[in-house]
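# Structural description and commentary
Below are the chains, spelled out letter by letter.
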Amino acid sequence: FLTLPLLWQVKSVPAFDGEEAVRIFNEKQGEFDLVFMDIRMPKMDGLEATRSIRSLEEEGDQHGRIPIVALSGNSEEKDRRDAMTAGMDGYLTKPYNLADLKATINFYLS
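Residues numbered from 1 in each chain as written. Predicted model: local features only at pLDDT ≥ 70, side-chain atom pairs only at ≥ 80, totals over all residues. Heavy atoms only, no water.

## Considerations on helix α4 (residues 98–109)
For α4, spanning 12 residues, the distance from its first C-alpha to its last is 16 Å, which sits close to the expected 16 Å at 1.5 Å a residue. Measuring from the backbone nitrogen of A99 back to the side-chain oxygen at the start of α4 gives 3.1 Å, which picks out N97 as the cap. (Helix = DSSP H or I, 4+ residues; strand = E, 2+ residues; numbered from the N terminus. Expected span 1.5 Å × (residues − 1). Polar contact = N/O pair within 3.5 Å; in protein donor to acceptor, adjacent residues only side chain to side chain.)

Written out as structure tokens, the structure reads:
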């Protein structure tokens, strides 16, 4: 999870598994500008965590839809489609570089 109050002043909130990511999002709705979600996580994968976050947003969130960008070591088109179907907005393949990260942040937050 990233909060960007000013350009490139980043506050990162780590989640160590998908269940924790959903819990953090639910507790702090409206405090994040962008989510980077790993696809493979313990307990609940990133696809299911994203579906859960989208469900929470639909249940009456006044803060709108937060962009969620998948992070994955898989570069196949099926993996990208699965991420988009789950409700993710973008996809970064690992390993990614700083230029890719900056471009992604700028795309979703400018």
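## Remarks on the packing of helix α1 (residues 18–27) against helix α2 (residues 46–58)
At a minimum axis distance of 9 Å, the contact between α1 and α2 shows a crossing angle of 20 degrees. The orientation of α1 relative to α2 falls into the category roughly parallel. Where α1 crosses over α2, the handedness of that crossing is right-handed. Between α1 and α2, the contacting residues are G18, V22, F25 and N26 on the first element and A49, S52, I53, L56 and E57 on the second. (Axes fitted to C-alpha atoms, helices over the stretch in contact; angles between N-to-C directions. Parallel < 35°, antiparallel > 145°, perpendicular 65-115°, else oblique. Left-handed = near helix turned anticlockwise from the far one by under 90°. Contact = heavy atoms within 4.5 Å.)

## Description of the side chain of T50
Its location among the elements puts T50 in helix α2. Given the relative accessible area of 0%, T50 is considered buried. Discounting residues that sit within four places of it in the chain, T50 has contacts with M37, I68, A86, G87 and M88. (Buried < 20%, exposed > 50% of the residue type's maximum accessible area, 1.4 Å probe, protein only.)

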